[in-house]
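What follows is each chain in one-letter form.
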Amino acid sequence: MLFFFLFLLLGEAIDLVKSQQLPTDIFILAGQSNMAGRGGVVINPYTGNLTWDGIVPPESQPNPSILRLSAQLNWVLAQEPLHADIDYNKINGVGPGMAFANAILKKEPRIGAVGLVPCAIGGTNISQWGKGGFLYEELVRRTKEALKSGGVVRAMLWYQGESDTKDGEETEFYEERLTNFFTEIRADLNHPLLRIIHVGLASGEGPFIEEIREAQLGIKLQNVANVDARGLQLEADRLHLTTAAQVHLGQLLADALLHFPSIFIPNPIQTTNVFCLSNTSSYHYFLFLISIYLLSLLLFFFKKVF
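Sequence order as written defines residue numbering, which begins from 1 separately in each chain. Note on the predicted model: pLDDT of at least 70 is required for a residue's local features to be given, and 80 or more for side-chain atom pairs to be given and counted; whole-chain, interface and lining totals, by contrast, use all residues. Calculated side-chain values reflect all of the structure's heavy atoms, with hydrogen atoms and water omitted.

Novice: How should I be thinking about the sheet that holds strand β8 (residues 195-200) in this particular structure?
Specialist: With respect to topology, seven strands assemble into an open sheet ordered β5-β4-β6-β1-β7-β8-β9, the strand pairing being mixed. Bordering the open sheet on either side are β5 (75-77) and β9 (224-228), each of which pairs with just one other strand. Across the sheet, the axes of successive neighbouring strands diverge by a mean angle of 25°, strand direction being ignored. Here, residues are in contact when the closest pair of their heavy atoms is within 4.5 Å. Only the contacting stretch of a helix is used when fitting its axis, a line to C-alpha atoms as for every element, and angles between N-to-C directions run 0 to 180 degrees. The helix and strand labels rest on DSSP assignments: H or I over at least four residues marks a helix, E over at least two residues marks a strand, and numbering proceeds from the N terminus. Here helix α8 (residues 243-258) sits on the sheet in contact with β1 (25-31), β7 (152-159), β8 and β9, set at roughly 145° to β8. Two strands are said to pair when DSSP picks up at least two bridges between them.

Novice: Would you explain the side chain of H198 in this entry?
Specialist: Along the polypeptide, H198 turns up in strand β8. With a relative accessible area of 2%, H198 lands in the buried category. Three exposure classes are used, based on accessible area relative to the maximum for each residue type with a 1.4 Å probe and protein chains only: buried under 20%, partly exposed in between, and exposed over 50%.

Novice: Please clarify how the packing of aromatic side chains should be interpreted in this entry.
Specialist: By convention here, two paired aromatic rings are described through the distance between centres and the angle between planes. Here a pair means two rings of Phe, Tyr or Trp (six-membered ring of Trp) with centres within 6.5 Å. Their orientation is stacked below 30 degrees between planes, edge-to-face above 60, and tilted elsewhere. Under the defined criterion, the tally for this structure stands at seven aromatic pairs. Aromatic side chains W129 and F181 sit 6.0 Å apart centroid to centroid with 70° between the ring planes, which places their arrangement in the edge-to-face category. Of this pair, W129 sits in the loop between β6 (114-118) and α4 (134-147) while F181 is found in helix α6 (residues 174-188), placing the two residues 52 residues apart along the sequence. Between W158 and F181, the ring centres sit 4.6 Å apart and the planes meet at 40°, which makes this aromatic pair tilted. Of the two residues, W158 is situated in strand β7 and F181 in helix α6; the sequence distance between them amounts to 23 residues. The exposure class assigned to F181 is buried, which follows from its relative accessible area of 2%. Taken together, W129, Y136, W158, F181 and F182 form an aromatic cluster joined through their ring pairs.

Novice: What am I meant to see in the pattern of salt bridges here?
Specialist: Where charged atoms from two side chains of opposite charge approach closely, those side chains can pair. Put simply, a salt bridge is a Lys or Arg side-chain nitrogen that is within 4 Å of an Asp or Glu carboxyl oxygen. Applying the stated rule across the entire model yields 12 salt bridges. With its nearest N and O atoms 2.6 Å apart, the salt bridge here joins R38 to D87. Of the two residues, R38 sits in the loop between α2 (33-36) and β2 (41-43) while D87 sits in the loop between β5 and α3 (97-107), which places them 49 residues apart along the sequence. In terms of burial, R38 and D87 fall into one category: buried. Note that R177 and E170 form a salt bridge whose closest N and O atoms lie 2.5 Å from each other.

Novice: Before we go on, may I ask you to explain a negative patch on the surface in this structure?
Specialist: Taken together, the side chains of E175, E176, E211 and E214 present a region of like negative charge at the surface. Residue assignment for the negative patch shows that the elements contributing at least two residues are α6 and α7 (209-217). Position of E176 among the secondary structure elements: in helix α6. Here the term patch refers to residues with relative accessible area over 30% and no salt bridge, with like charges joined within 9 Å and nonpolar side chains (Val, Leu, Ile, Met, Phe, Trp, Tyr) within 5 Å. Under the convention used here, a 1.4 Å probe and the Shrake-Rupley method define accessible areas, while residue burial counts only the protein chains that appear. Counting rule for charge: Lys and Arg are taken as positive, Asp and Glu as negative, and neither His nor the chain ends is counted. In this description, the location of a charge corresponds to atom NZ of lysine, CZ of arginine, CG of aspartate or CD of glutamate.

Novice: Before we go on, may I ask you to explain the confidence of the model for the protein chain in this structure?
Specialist: Low pLDDT marks stretches whose predicted atomic positions should not be read closely. A residue's pLDDT is the confidence the predictor assigns to it, expressed on a 0 to 100 scale. In the predicted model, the protein chain carries a mean pLDDT of 86, and 79% of its residues have values of at least 70. Across residues 267-289, confidence stays below pLDDT 50; counting only partners more than four residues off in sequence or on other chains, it has 41 contacts.

Novice: Where do I start with the pairing of β7 in this structure?
Specialist: Put simply, side chains in a regular strand alternate between the two faces of the sheet. Burial of β7 is extensive: eight of the eight residues sit out of reach of the surface. Strand direction decides the pairing type here: β1 and β7, joined by seven bridges, are parallel. Following the sheet pairing, G31 is matched in β7 by Y159. In the sheet, β7 pairs with β8 via four bridges, with the strands oriented parallel. Looking across to β8, one finds that L157 is bridged to I197.

Here's what the structure looks like:
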């Protein structure tokens, strides 16, 4: 009877430890509202307030192999809206992140558990993402925290610029500021060739959309790719991508990632702390070790008796 009980305990412990999946392939999501996700965010006809319609398409459904780093810096199951606790002053909806993650898992069998690190904040201009500012430092802090559980940063996905279309004079500095941002992020993450996929604008808050798009296309850094969102369907506000457009963008981002050569080159800041466990999972792991120990004792006594 004791022998049977120990086997049950051992099986439960193994299942519990396996359930504590940690990401092996990490992706940073940064920029403003169209990266955070406004797909399905509409005006409620009864209240006049913005609300998310709650519709999640099949391509953006949760997957046990897709996690996200929460605002509390814990790995949790990823689900829409990905930025709900990050861009918390706005109403969030569907973004490109989940469609991207599901697509790369489907298309690239070498990808393990995906870890998404949401950092996008709606309504932000490129100057607010400068080194030393809150947004920049939060991105670096959250990414380094994500790496403590093991895994490799494979790429940063960047969609920003709509707020910079309002001022014609500021557009002159956009390319320089974006180049500096990419260069400094790579330096602070100790990853000089970090893959960056940035999105060409589909819309803007002002009249200088073409100037910003031209600046985006002017980036000539190594390992930087551009995905063009022009022509994707917009919500009624003519600024934010619809849910269907976000799904399409996520798939375009996945295709762009997989066109990079050697995406499995190790990251210089990969940590060795591969088995980092929360308090709860530490208990489960302890239970697993105790089970092994008791089972060994039981087998030892059986040999002595028989």
